[in-house]
Structures are given as C-alpha cells and as structure tokens.
Amino acid sequence: MKPLDLTALAGSAAALTLLLAGCGSSDTSSTGANGDTKADGPIAVDAGDKKCGVATTDLPAGRHTFKVTSSSSQVTEVYVYADGDRIVGEVENIGPATSRDLIVDLPAGTYEVTCKPGMVGNGIRTKIAVTGAEAPAQTLDQNLQAAVDSYRTYVETETRALIDTTKTFTDAIAAGDLDAAKTAYPTARLHYERIEPIAESFGDLDPLIDMRIDDATDGTPFVGFHALEQLLFEKGTLDGAKPLASALTTNVAKLAELVKTVEFTPLVMGNGAKSLLDEVAKSKVTGEEERYSRIDLVDFAGNVDGAKYVYTALRPALEEKNPKLVATLDQRFPALISLLDTHLATKGSDGFIPGSPYVSYDALTPEDVKALAVEVDAISEPLGQISGVVAAQ
Ligand SMILES: [Cu+2]
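Fair warning: this is a prediction, and the values are worked out from it, not measured in the lab.

Undergrad: Explain the sheet that holds strand E2 (residues 52–54) to me, please; I cannot follow it from the model alone.
TA: Through backbone hydrogen bonds, the strands of a sheet pair up, either in parallel or in antiparallel fashion. Spatial ordering of the open sheet is given by E2-E1-E4-E7, a layout of four strands whose pairing is mixed. Of all the strands in the sheet, just E2 and strand E7 (99–106) have a single pairing partner and so form its edges. In this sheet, adjacent strand axes meet at a mean angle of 25° when their direction is disregarded.

Undergrad: I'm lost on helix H6 (residues 225–235) in this one. Help?
TA: Residues separated by three or four positions in an α-helix point in the same direction, a consequence of the helix having 3.6 residues per turn. Of the positions making up H6, those classed as buried are Phe225, His226, Ala227, Leu228, Glu229, Leu231 and Leu232. In the core, the buried residues of H6 are packed alongside helix H3 (178–194), helix H5 (205–210) and helix H7 (241–259). Just past H6, the residue glycine 236 takes up positive phi, approximately 65°.

Undergrad: Explain the sheet that holds strand E5 (residues 76–82) here, please?
TA: Read from one edge of the open sheet, five strands run E3-E9-E8-E5-E6, paired in mixed fashion. In the strand order of this sheet, the two ends are held by strand E3 (58–60) and strand E6 (86–94), each with one partner. Pairwise comparison of adjacent strand axes, ignoring direction, gives a mean angle of 20° for this sheet. With seven bridges joining them, strand E8 (residues 109–115) and strand E9 (residues 124–131) adopt antiparallel strand pairing. Looking at E9, one finds that tyrosine 111 is bridged to isoleucine 128.

Undergrad: Even after reading the chapter, I still don't get the pairing of E7, so can you show me in this structure?
TA: Side-chain positions along a regular strand alternate between the two faces of the sheet. Most of E7 is tucked away, with six of its eight residues classed as buried. Bridge count for strand E4 (residues 62–70) against E7 is eight bridges, and the pairing is antiparallel. By the bridge assignment, threonine 69 is partnered in E7 with serine 99.

Undergrad: Is there a simple way to explain the confidence of the model for the chain in this structure?
TA: Caution applies to low-pLDDT regions: their predicted coordinates should not be interpreted in detail. Put simply, the chain has an average pLDDT of 88, and 89% of its residues get 70 or more. For residues 1–39, every residue scores under 50 in pLDDT, and the model assigns this stretch 72 contacts once sequence neighbours within four places are set aside.

Undergrad: How should the packing of H6 against H7 be read in this particular structure?
TA: The description of two helices packed together rests on the angle between their axes and the distance between the axes. Closest axis-to-axis distance for the H6/H7 pair is 9 Å, and the angle between their directions is 150°. In terms of orientation, H6 and H7 fall into the roughly antiparallel class. Between H6 and H7 lies a crossing whose hand is left-handed. Here Phe225, Ala227, Leu228 and Leu231 of H6 lie close against H7, whose contacting residues are Ala241, Leu244, Ala245 and Leu248.

Calculation criteria
Residues numbered from 1 in each chain as written. Predicted model: local features only at pLDDT ≥ 70, side-chain atom pairs only at ≥ 80, totals over all residues. Pairing = 2+ DSSP bridges. Helix = DSSP H or I, 4+ residues; strand = E, 2+ residues; numbered from the N terminus. Axes fitted to C-alpha atoms, helices over the stretch in contact; angles between N-to-C directions. Buried ≥ 20, exposed ≤ 12 C-beta atoms within 10 Å, placed from the backbone. Contact = placed C-beta atoms within 7 Å. pLDDT = per-residue confidence, 0-100. Parallel < 35°, antiparallel > 145°, perpendicular 65-115°, else oblique. Left-handed = near helix turned anticlockwise from the far one by under 90°.

This is how it looks when you write it as structure tokens:
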C-alpha cells in the first residue's frame with residue numbers, strides 16, 4: 001500500500017481504508033462448536049416492497065453474512081453501501097420468496113443496507129453501525145495468495161488498457177472524427193466492463209463513468225461513456241462531446257490511481273465474479289446498457305471475461321475445497337462462451353457494428369435473448385457459491 005494524494009480524489013480515502021481493512025479481516029467469530037459456523041450466525045435481511053428489515057443493526061467489525069430473503073412482489077436487489085454509496089457488497093436479481101447470502105468484510109463505520117424492489121431507484125435504507133477493532137491480517141494459503149496476486153495484475157492491466165482505449169476514443173472526438181470515435185467506443189467499453197465491480201467500490205466514480213440517462217437529474221448531469229454514446233450513435237453529432245470526453249479521461253485516470261491502492265481478497269474476487277454475472281443478467285441480456293450503440297454483447301463479453309478470470313485464478317484453491325463446484329463451472333463457462341460466440345459478426349454480415357466483434361443487440365431474436373438468459377442463469381448459482389467457499393478458509 002503506497003500513500004497517494006487521496007485528498008484530491010473525492011470520497012476515496014474512506015474507500016482505501018475500507019478495502020485495505022477488508023483485506024486484513026479474518027473471521028474472528030469462527031470459534032463456534034463446528035468449524036464452519038460463525039458464532040454470530042447470519043444476519044437476516046427482509047427485503048420487502050416497502051421495508052428493508054435488518055435483524056441486527058449493531059455489529060462488531062469483521063466478516064458478516066447477510067441472509068437476504070425477499071418478501072417483495074418484484075425482483076429485488078440488496079446493497080451494502082458505505083459512505084458516498086460506495087458498494088461494499090450486493091446481490092441482484094432476487095426473485096420473490098427466494099433467499100440469497102451476501103458475505104462481506106466490514107470494518108468499523110456506518111453503512112446502509114439498501115433494498116431496491118424492482119431493481120430501480122434509491123431504495124429503502126436501513127442504517128447499520130459497525131464498531132470495534134479490525135481483526136488481524138489473515139494469512140492466505142499459497143493457492144489463494146497466488147489467485148489474489150494474479151487478479152491484481154489482471155485488474156491493473158485492464159485499467160491500463162482502459163486508459164489507452166479511452167484515449168483512442170477521446171482523441172477521435174477531439175479530432176472531430178465521428179466515425180473513428182464510434183469505431184473506438186466498443187473496445188474502451190470492453191475494458192471497463194471487465195473490471196466493473198472494482199470500479200463500483202469507489203462510489204461516485206462508477207456513475208461518473210458509466211451512468212445511464214435514467215440516473216440523471218437536475219442536480220446530476222448526464223455524463224460519461226453513455227452520454228457520449230447517445231451523442232454519437234443516437235444524435236449522430238460531436239456537438240457538446242469534447243467537455244464530456246475530457247471529463248471521462250480525467251475520471252478514468254482517477255480510477256487507475258485508485259485501483260493501485262486496492263488490496264484484493266479472495267472474498268472481494270468471489271463477490272466481484274458474482275456481481276459481474278448479475279450485471280449481465282440485469283443490463284446486458286436485456287439490452288438496457290448500450291441502448292444507443294447496441295453493443296450490449298460487447299459489455300456482456302466483458303463481464304463474462306472478468307468473471308472467468310476470477311474463476312480461473314481461484315480454480316486451484318476451489319479444486320481443493322470444492323471439486324464439484326469446479327466440475328460444474330468447468331462446463332458452464334465454455335457453454336456460455338460458445339453460445340456468445342454464435343453471435344460474432346464480421347464486416348458485411350447482418351447486424352455488424354464497426355469496432356464490435358459481436359452483432360448488434362437489435363439483430364438478436366427473442367429466442368436468442370432467451371437462450372442467453374438461460375445460460376447466464378445456469379452459471380449464476382454456482383458462481384455465487386465461490387464467495388462462501390473461499391470465505392470459509
Ligand atoms: Cu456497466
């Protein structure tokens with residue numbers, strides 16, 4: 001961990017503390033009668049249409065499992081936010097009357113457990129207070145340490161690629177070349193989507209880079225990749241694009257600085273992989289995210305790449321702890337990727353978008369979309385088990 005000028009980066013000093021502390025946390029409550037039961041037990045969260053009930057709102061610092069059960073009539077999601085709406089953990093796409101576990105490392109501080117019925121809006125929030133000293137650093141076994149090191153390298157490499165490809169994109173905008181800017185857009189998006197959960201841990205940066213027009217209000221202007229996407233692909237103009245492009249460059253550079261300060265843990269990795277697939281289900285399969293450019297399958301591939309990297313890095317550790325899970329994921333990833341590959345496009349083919357290896361979302365039939373959704377669903381559940389397996393070390 002090297003000291004950075006974090007004061008220059010709004011809201012990030014706390015993020016640093018959080019992530020570093022998260023890294024060092026170990027399960028101090030695992031002294032229960034049997035090895036895999038936490039003495040404190042899981043904390044029940046009742047995610048309803050009008051409530052977000054949390055069974056215990058005063059917690060000791062350390063690792064906690066929230067058992068989220070939906071009493072909502074809609075598909076819901078639950079976030080644990082630190083100050084500034086930095087995402088500490090999330091579970092999405094929770095169907096009515098179903099249950100999901102969310103395992104997070106919580107250093108002392110205040111948090112908001114937030115339920116979002118219908119997966120929109122600010123959500124219903126319940127404050128929780130976490131107090132006490134952080135647990136001493138956990139020593140990882142060799143496999144887990146290697147996984148963490150490998151993932152850190154991956155995220156740093158992807159962040160550098162994001163800077164480079166965003167520069168190609170914004171340089172084209174600065175040069176007034178609309179076609180070149182449109183062609184450069186998909187690759188920059190790919191690199192962002194691969195590391196999305198890490199970007200989300202920095203609160204205000206993710207919205208500045210990746211917000212949708214729906215998130216814009218009087219006080220919050222529409223900025224970032226998708227604001228540029230709208231100008232270029234929907235309005236077909238570069239008018240007004242330059243200030244957006246230079247703000248994007250600044251924010252991507254900030255992200256790269258912050259990524260260097262992240263202390264990755266197996267739990268952060270497992271939660272990240274799951275949240276990548278949740279993202280695919282929520283905003284890529286549905287064609288929500290890239291509504292002007294229609295390059296949703298590029299983002300889809302980016303999220304899957306990011307999740308697959310986590311899995312591959314953790315695989316030797318998982319193989320020891322849960323070979324059945326490894327056997328399942330060894331089938332599910334190739335199945336999902338070969339289905340995605342059936343939608344590759346080349347110049348001249350139907351639905352081709354310059355700069356994108358995949359067809360336009362508009363070229364997909366309802367059956368195609370359904371088949372993708374089924375495959376995403378099939379991998380989501382086993383992928384969600386990774387956190388629990390690595391957290392139980
Ligand atoms: Cu995104």
